[in-house]
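Okay, here's what each chain looks like letter by letter:
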Amino acid sequence: MARRLFPGAWLRKPHSAQVRLSYMRIKYLFLSWLVVFVGSWIMYVQYSTYTELCRGHDCRKIICDKYKTGVIDGSACSSLCAKETLYFGKCLSTKPSNQIYLGIWGNLQSVIKCQMEEAAQLDFGTDPEPRKEIVLFDKPTRGTTVEKFKEMVYGFFKAKLGEQGNLSELVNLILSFADGNKDGRVSLPEAKSAWALLQLEEFLLMVILQDKEHTPKLMGFCGDLYVTERVEYTSLYGISLPWIIELLIPSGFRRSMDQWFTPSWPRKAKIAIGLLEFVEDIFHGPYGNFLMCDTSARNLGYNDKYDLKMMDMRKIVPEINLKEIIKDRQCDSDLDCIYGTDCRTLCDQSKMRCTTEVIQPNLAKVCQLLKDYLLRGAPSDIHEELEKQLYLCIALKVTANQMEMEHSLILNNLKTLLWKKISHTNDS
């Protein structure tokens, strides 16, 4: 009876369901389109970022053009530009100006580093100017004798390092390295390459510390491109993710991941001992004190034996050089007196100029980095003493009375504490 009275009533419910179904389809279609659009946009942006960061092709072209026209030469030039046995692999660059790639040189694994912009002076908070082709590899000039070139290099070291150490011996070391084909003489193209490389803080320090265990070995060079030994783990925490994943992971979650993927505690202790030894190597060494101005985990790596290797030393600078540059820097607050991320001086408000004394020694900054790294998972019988020594270390100030004595005491206490705990294990 109801159906006869209202013949369309039984159709209303199915019709309503069809409307809802159509609405849901449209909704899911729109959401799918939105996901595809946003995903494509993210991929495009990240790809653009990648192509800006990773300019190995441009680097190789600039270097090889200079080599083929006879401007530069070096031990890696022929392999890179003629024989093509030196290959660019995975891109590790974090800045367009500093190109870093995993490489293969014949049957050896390596790391290739190439500067895409002129090496900057120690200028605080500014990016380097784009490299100018007309002045790149402009020294020494034609007609310069080997003796004159040695004088140039000696003067450069004197300005950078001051009157300390045997600078003449260091000059001879540079000339030996510059002789890429080992024919007993340094040609003008080889000298141009060596001079360009000396403008790079990292290269200079690598030459000074080549006999030290924690400095990657230099394998060769061409112009201001240089090749070093490859290190298996390129972060203190032992985990390296693809660039696009790194950008998408929140920083807090990334820090948690770092802790999950650390080596076992004895191996962490061995890596930490290596870092403390490196601090010893650059603290009042034969060529003065060097300052670590970026003590981040990404600048430290280690090999398969858990020996520490420095991955990036661009922000490790001679103290005398840093003081010379910062002394006349104008400032309104202490924030204007920072180089890198960790080298801080004070702003003299009466003169509105930065003071020259860096506040924290290298050891204090290293201990701050190692605190969570070492205390997490530390054996209970040394946990309390280890924590005490680390906090004493972090509290070190350059201006403190008897700082050098305290520095040596704390450093030795930490090394001894860690070494005693691992000396009878396989990790030692």
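This structure is a prediction, so every number in the text was calculated from the model and none was measured. (Residues numbered from 1 in each chain as written. Predicted model: local features only at pLDDT ≥ 70, side-chain atom pairs only at ≥ 80, totals over all residues. Heavy atoms only, no water.)

1. Focus on the nonpolar core
So, step 1. Of all hydrophobic cores here, the largest spans 73 residues; its most connected members are F157 and L386.
So, step 2. The leading source of residues in this core is helix α11 (residues 265-282), at ten residues.
So, step 3. When near neighbours in sequence (up to four residues on either side) are disregarded, F157 contacts G162, L167, L170, V171, I174, L198 and L204.
So, step 4. Among the nonpolar cores identified, the runner-up in size contains 19 residues, and C77, L86, M116 and A196 belong to it. (Core = buried A, V, L, I, M, F, W, Y, C linked by side-chain atoms within 4.5 Å. Buried < 20%, exposed > 50% of the residue type's maximum accessible area, 1.4 Å probe, protein only. Helix = DSSP H or I, 4+ residues; strand = E, 2+ residues; numbered from the N terminus. Contact = heavy atoms within 4.5 Å.)

2. Re the pairing of strand β5 (residues 225-229)
So, step 1. Summarising burial for β5: four of the five residues are buried, a large majority.
So, step 2. Across four bridges, the pairing between strand β3 (residues 108-115) and β5 is antiparallel. Of the residues in β5, the one forming a bridge with I112 is V227.
So, step 3. With four bridges connecting them, strand β4 (residues 218-222) and β5 associate as antiparallel partners. Paired with C222 across the bridge in β5 is L225.
So, step 4. Hairpin connection of β4 to β5: two residues between the antiparallel strands, including G223 at a positive phi of 65°. (Pairing = 2+ DSSP bridges.)

3. A word on the sheet that holds strand β2 (residues 98-105)
So, step 1. One open sheet holds the five strands; their spatial order is β1-β2-β3-β5-β4, and the pairing between them is antiparallel. The open sheet has two edge strands with one neighbour each: β1 (86-91) and β4. In this sheet, adjacent strand axes meet at a mean angle of 30° when their direction is disregarded.
So, step 2. Relative to β3, β2 is paired through eight bridges, and the arrangement is antiparallel. The partner of I104 across the bridge, within β3, is Q109. (Axes fitted to C-alpha atoms, helices over the stretch in contact; angles between N-to-C directions.)

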